[in-house]
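Listed below are the residues making up each chain.
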Amino acid sequence: MNICTNVHDRPILSSPEPLFFVSGQEEGLNDVQEVIKTEKAFPERRLRGVLEELSVGCSRFVTLANKDVNQAGRTKLDRERLKSCMREMDSMGQQAKQIRTQVKKNTIRDKLKLVQNFLQRLRFLADEPQHSIPDVFIWMMSNNKRIAYARIPSKDILYSIVDEETGKDCGKVKAVFLKLPGKKGFGPAGWTVQAKLELYLWLGLNKQRKDFLSGLPNGFEEIKSAKMGPCLHSVPPVSLVYNSKLLQVFQLRAHMYQARSLFAADSSGLSDPFARVFFSTHSQVTEVLSETLCPTWDQLLVFDDVELFGEASELRDDPPIIVVEIFDQDTVGKAEFIGRAFAKPTIKMCDEHYGPPRFPPQLEYYQIYRGNCTAGELLAAFELLQVGQGGIADLPSLEGPTDSERGPILPVPLGIRPVLSRYRIEVLFWGLRDLKRINLAQVDRPRVDIECAGRGVQSVLIQNYKKNPNFSILVKWFEVDLPENELLHPPLNIRVVDCRAFGRYILVGSHAVTSLRRFIYSTPDKTSNNWATAGAYTQVQDYIYLFVLFQQTEEESDKEKKKKKKKKKGGVEEEDETNERVLDWWSKYFASIETLKEVCLFYSRIFYLHLHMFLLMPSGNIFLPGFPDVYDKELDSEFGNFEDWLHTFNLYRGKAGDDDERTLDDDRIVGRFKGSLCMYKLPLSEEITRETGFDPSMGMFQSIPRNDPINVLVRVYVVRATDLHPADINGKADPYVVIKLGKSEIKDKENYISKQLNPVFGKSFDIEARFPMESMLTVSVYDWDLVGTDDLIGETKIDLENRFYSKYRATCGISSNYSVHGYNVWRDPMKPSQILAKLCKDGKIDGPHYGPGGKVKVANRIFQGPTEIEDENGLKKQTEEHLALTVLNHWEEIPRVGWKLVPEHVETRPLLNPDKPGIEQGRIEMWVDMFPMDMPAPGPAIDISPRKPKRYELRVIIWNTDEVILEDDDYFTGEKSSDIFVRGWLKGQQEDKQDTDVHYHSLTGEGNFNWRFVFPFDYLMAEEKIVISKKESMFSWDETEYKIPPRLTLQVWDADHFSADDFLGAIELDLNRFPRGAKTAKQCSLDMIRNEQELPTISIFKQKRVKGWWPFVARDENDEMELTGKVEAELHLVTAEEAEKCPVGLGRNEPDPLEKPNRPDTSLMWFLGPLKSIRYFIWHNYRWLILKIVLALLLLVMLGLFLYSMPGYLVKKLLGA
């Protein structure tokens, strides 16, 4: 098929495209992944080659782009996009060079992820934001109706004189698959191929039209149109005729061996698959295999007389694509599409020898795709053999006869078929769990069928599933021939059927174990440190131990206590607050959290841990002794889901859903099969059977416990929840805990926590259960509602059975310290020495042997530890428990039987909601202890209830202020002054702020108050937080609890009568650590605030009473701190009991009133004392002026009287009156 378009002589591409590097990068990464998957040698070399190609390609791109950067006719978008591409490509080139030098065998997987990120960036750059050329559409018509189409991106067929800019399909014969148009093309109906076309496509400029047939395979002859238009000097030919003399004839051999993990197309959860192979114009199908997701066809499909066009060299370099489609055969209706795989054959020309290394071809895995998702893998090999002049007789013969039982079906030849060896597969049948109803009927008598490569074994029938879902016979085995190459092992199918009346068997569910590698038994290495796990894959972690034994003598303890005591003024001794009353389980918990480093250091002082013992993990986390390990994930993931010998296989039933239908595999789970597998080559050496204490009835499953029902006391500790999803309209929740195990359910609804998304529960719950019938623990968090039903926030489910029987001993965490009393009391009913003796007996190893000097010997290993323990009365006794506990904490070092035992811990589990699958609704911190009822009863549960805050009262006396800035101007005199008062409050209690009285008319910034503030508050000593409970609004049902740091805020203000008060400065003191006050006002400076981190700090909770000068600061116009005053204050902290015994009044009131301050006479209000105001504000400053004015007025009066009386007096004198 030929397509021609006339494009004017203008640049089609605005810049070199990063797309041309994508295809090479994808091929290189696929090669690396294939090498890693097949475990071939030196995958790091191939990855270095890919990085080298990427680096060189990026450099070439930048070079080409620099030449075109000033090309005319570009838009601003073109120029900016080119610059962005240049920056990104240059950056990727530099990073590729750097990563290339870091690629090693042990880091190849991490580096491969980085290179895949490069590929994603290249794809992003290759996607044009503005398409300049429309794509090419090819339609298939029938009766003038469009029934199928294909869309080809124009950039894939674009021609350029620069090879790097040429499209990957330009000038090549390409196979195109047509699909349905419109909405029909989406979903399963549109995934099937409607038609296959082979096209030769070329798109380029009109001036380059002479090159449009340059890539056409040799042998084609043009037949041009007889009539040519005047404008078309060169047009595509009307048709092409291939020279029959150059026609190549081939035979295709498709070796269809098997497929695995196919899509479940039937309601039973299985499929009836068959494969259809398309090549050129030929098509063949395999046989149909019933009810399997892992079919083994073992069938050879031969395609004779396959005619291909082109030269032999071209066909060998770029062979045609083989399409393999997998279908599900249905009794009624058409076959249903399962998936599609693509492959390229290995070509042999007639002049080549059929032999190694290329022939016979090796079986390879091809990914099967269903839409955009993977739907399994196909194991097959394809070879394309050229037929010479001698015909088919010259081709390699098809070895082996046809299978008489299967009819005229050719099996895969021996040269291609894997080399088989005899294996024995042992199956541990433990039990079935959570089986759902089938056809509305409950499962009553189930059975498990195991099948692999046509062989299998059946379990015994469970007579009554409700009473006991475990099997009576645990181990069975069968022998089967399997490939020596572990990658080619066929899947193992697990099917559960229910025996119904009249001998009917109904399929309950199935599971396909696609990879048997983890169940292959390999000979342990005796030279290994841990012989028991040497044959399995183990991740080695380098632990660094610093083990310093520190025993505190009574004299040292007395010295420490003396150091803790400090003398106060007046000779009264006061002991530090950090005493034993503070220590509880929460002390250990907070000290274990890495984020609370300050708290950790605080408690390390409390515990007197001077060089005691700590463990430095590879990640850098420090776990101190006696502290639980706080895991930020599930305990199961930390210990391999506790599948050390007992595995859980989910049973599936029902048709699998596609992405468009949003059906999850979890919805198809109809139950769980518990058991295990062990496969090994035959015969097994006598040494292995002797070392493992071979019991013929148990096979390789030696020393496993019995699976009889057992009564267990389950103790669940729920610490707290974090980041809960809001459940109320106010963005909060009222959470409470619900524990469910079997038919038992505990609702802690009465103790819901109001308006909290990070509630601290601190609860323990005891439930009696009977394993295995009641082994699935569900911990739920609900939101309490006043009206209506409570809403589920999230839940987590824990399989207790695997934990209970695990060799990791997850029944009760092993503490790093042994104590018989106090907050760190030993929880397990079995003492460390009893646990150690049981482990040694079960593992059949020598020990333990306790010796003098604090030593114990186990399996030729010697451990050391303390030998004394202190009882409740403080008396020290000799004990072996510390030595035994030391061995338990290092049990993984014991050869052959060593496992890491579960330590004392707190695990963090995600909360999920079934209505919102896959979305985490929060996290819950908890742990579970399990105690068999036939063992001694455990002690009472550890008290992890939330700490109750302690009531304190902070008394703050404001004595004086000094150097307060002056803000006001005097009405009469114009002098600077301030009407000073001090305001104070505790953070979180702003509504309870308190003010001193006003020191009026301060001319020097000095203020005298003698005023007392009283702030009662609740305080958590361990968390160093103030606890405040208050209602958010008048409509709130409950109070909300807040925890905030204890901070005292003091502010200085200038009082105004007819306007708002003026803020002058403030200081905020963290009551746990604040600088000590200066002794005098002169020593008080701004450096106390600026250098707060460098100055020594004190805590009011330790000091109890402190007095001094502190600076007031404020920000100026340049946002710099400036000194705005100084305050002399006294802080006195008392407990609620002490406050009740010695009460004080606010301000200067009773009881225990303070003296009135000795203020200057100028400190008054003019309208309350006008005479005093005249005296101090006018007479004091202007008395001489007033006297002068009075004298002048007297003189003026006398002069006036003189002038007034002088004329009359003169007249009298003159007249002689």
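Residues numbered from 1 in each chain as written. Predicted model: local features only at pLDDT ≥ 70, side-chain atom pairs only at ≥ 80, totals over all residues. Heavy atoms only, no water.

The protein chain appears in an unreviewed UniProt entry as Otoferlin a from Sander lucioperca. As stated in UniProt under Sequence similarities (unreviewed entry), the record for the protein chain gives "Belongs to the ferlin family." Recorded in UniProt for the protein chain, the comment headed Subcellular location (unreviewed entry) runs: "Membrane". (UniProt positions renumbered as here; feature names shortened; annotations may be inferred.)

Attention now goes to the overall build of the protein chain. Regarding its fold elements, the protein chain presents 17 helices and 56 strands. For the protein chain, the share of sequence-separated contacts (at least 6 apart) that also reach a separation of at least 24 residues comes to 67%. When the accessible surface of the protein chain is split by element, carbon and sulfur atoms take 52% of a total near 65100 Å². (Helix = DSSP H or I, 4+ residues; strand = E, 2+ residues; numbered from the N terminus. Contact = heavy atoms within 4.5 Å. Areas by Shrake-Rupley, 256 points an atom, 1.4 Å probe, with all protein chains shown as cover.)

Okay, the packing of helix α3 (residues 76-102) against helix α4 (residues 108-126) next. In the contact formed by α3 and α4, the axes pass within 11 Å of each other and the chain directions differ by 165°. In terms of axis orientation, α3 runs roughly antiparallel to α4. Both α3 and α4 take part in a crossing whose hand is left-handed. Note on element contacts: α4 touches α3 through K111, L114, F118, R121, L122, L125 and A126, opposite R81, C85, E88, M89, S91, M92, Q95, A96, I99 and Q102. Tallied by class, the residues present in the contact of α3 with α4 amount to ten nonpolar, three polar and four charged. (Axes fitted to C-alpha atoms, helices over the stretch in contact; angles between N-to-C directions. Parallel < 35°, antiparallel > 145°, perpendicular 65-115°, else oblique. Left-handed = near helix turned anticlockwise from the far one by under 90°. Nonpolar A, V, L, I, M, F, W, Y, C, P; charged D, E, K, R; others polar.)

With that settled, the discussion passes to the sheet that holds strand β36 (residues 849-851). Ordered in space as β36-β37-β38, the three strands form an open sheet in which the pairing is antiparallel. Among the strands making up the open sheet, the edge pair consists of β36 and β38 (861-864). Within this sheet the neighbouring strands show an average axis-to-axis angle of 25°, counted without direction. Relative to β38, strand β37 (residues 855-858) is paired through four bridges, and the arrangement is antiparallel. When the bridges of β38 are listed, K855 appears paired with Q864. (Pairing = 2+ DSSP bridges.)

Moving on, we get to a nonpolar patch on the surface. Nonpolar side chains collect at one region of the surface, where L1185, I1189, L1193, L1196, L1199, F1202 and L1203 lie side by side and expose about 690 Å² of accessible area between them. Mapping L1193 onto the fold places it in helix α17 (residues 1170-1215). Its relative accessible area of 48% is what places L1193 among the partly exposed residues. (Patch = residues over 30% accessible without salt bridge, like charges linked within 9 Å, V, L, I, M, F, W, Y side chains within 5 Å. Salt bridge = Lys/Arg side-chain N within 4 Å of Asp/Glu carboxyl O. Buried < 20%, exposed > 50% of the residue type's maximum accessible area, 1.4 Å probe, protein only.)

Let's shift gears to empty space enclosed by the protein. For the structure on display, the rule yields four cavities of 30 Å³ or more. Empty space within the second largest cavity amounts to approximately 70 Å³. The residue inventory of the lining of the second largest cavity, partitioned by class, reads four nonpolar, four polar and four charged. (1 Å grid on protein atoms, 1.4 Å probe; cavity = no way out; pocket = protein on both sides within 12 Å on 5 of 7 lines; lining within 4 Å. Points joined across faces, edges and corners; volume = space filled by probe spheres on them.)

So, about a positive patch on the surface. A cluster of basic residues, K76, R79, K83 and R87, forms a positive patch on the protein surface. Its place among the elements puts R87 in helix α3. Assessed through its relative accessible area of 55%, R87 is described here as exposed. (Lys, Arg positive; Asp, Glu negative; His and termini not counted. Charge placed at Lys NZ, Arg CZ, Asp CG, Glu CD.)

What follows concerns the nonpolar core. L954, I958, F1017, L1048, I1100 and L1131 are the most contacted members of the largest nonpolar core, which has 43 residues in total. If we skip the residues at most four places from it in the chain, F1017 touches K950, R951, Y952, L954, L986, Q989, I1026, F1101 and L1133. Counting residues in hydrophobic clusters, the runner-up holds 42 residues, among them M698, V714, A769 and V928. (Core = buried A, V, L, I, M, F, W, Y, C linked by side-chain atoms within 4.5 Å.)

With respect to the helices and strands, G456 occurs in strand β18 (residues 455-458). Looking at G456, the relative accessible area reads 38%, which means it is partly exposed. A C-alpha to C-alpha distance of 9.0 Å links G456 and I425, two positions 31 residues apart in sequence. When residues no more than four places from it in sequence are discounted, the contact partners of G456 are I450, E451 and F478.

For the rest of this paragraph, the subject is the packing of aromatic side chains. Across all of its chains, the model carries 40 aromatic pairs by this definition. Ring geometry for Y752 versus W784: centroids 4.2 Å apart, planes at 5°, classification stacked. Of this pair, Y752 sits in the loop between β32 (744-747) and β33 (760-771) while W784 is found in the loop between β34 (776-783) and β35 (791-799), placing the two residues 32 residues apart along the sequence. One aromatic cluster in this structure is built from W585, W586, Y589, F590, Y717 and W927. The cationic tip of R447 hangs over the ring face of Y505; the distance from NZ or CZ to the ring centre is 4.6 Å. (Phe/Tyr/Trp six-rings, centres within 6.5 Å; stacked < 30°, edge-to-face > 60°. Lys NZ or Arg CZ within 6 Å of the ring centre and 35° of its normal.)

Looking at the secondary structure, you find D272 in the loop between β7 (248-260) and β8 (273-279). In this structure, D272 is buried with no salt-bridge partner, the nearest side chain bearing the opposite charge being R495 at 7.9 Å. Every residue in contact with D272, bar those within four places of it in the chain, is listed here: D266, V288, L289, S290, E291, F327, D328 and Q329.

Attention now goes to the confidence of the model for the protein chain. Taken residue by residue, the protein chain gives an average pLDDT of 82. The fraction at 70 or more is 84%. The model gives residues 527-581 a pLDDT under 50, and that stretch makes 84 contacts with residues more than four places away or in other chains. Note that pLDDT drops below 50 for residues 595-625; the model gives that stretch 62 contacts with residues more than four away or on any other chain. (pLDDT = per-residue confidence, 0-100.)

Across seven bridges, strand β1 (residues 136-142) lies against strand β2 (residues 145-152) in antiparallel orientation. Looking across to β2, one finds that F137 is bridged to R151. Connecting β1 to the antiparallel partner β2 that follows it, the hairpin turn spans two residues, and N143 within it adopts a positive phi of roughly 55°.

The subject of this paragraph is unusual backbone geometry. Geometrically, the link from P356 to P357 is a cis peptide bond, its omega value of 5° lying close to zero. The phi torsion at F502 lies on the positive side, around 65°, for a residue other than glycine. With relative accessibility at 83%, the residue F502 sits in the exposed group. Located in the positive-phi region is K755, a residue other than glycine, with phi close to 50°.

What follows covers the pattern of salt bridges. Side-chain pairs of opposite charge can arise where the charged atoms are in close proximity. Per the stated rule, a full pass over the model turns up 53 salt bridges. A salt bridge links E52 to R100; its shortest N-O distance comes to 3.3 Å. Residue E52 is located in helix α2 (residues 43-68), and its partner R100 is located in helix α3; the two are separated by 48 residues in the primary sequence. The residue D842 makes a salt bridge to K838 at a minimum N-O spacing of 3.0 Å. Residue D842 and its partner K838 are located together in helix α12 (residues 832-843), separated by four residues, close to a single helical turn. What makes D842 partly exposed here is its relative accessible area of 41%. Given the relative accessible area of 46%, K838 is considered partly exposed. Look at the salt bridges and you will find they share partners, linking R433, D434, R672, K674, D799 and E801 into a network.

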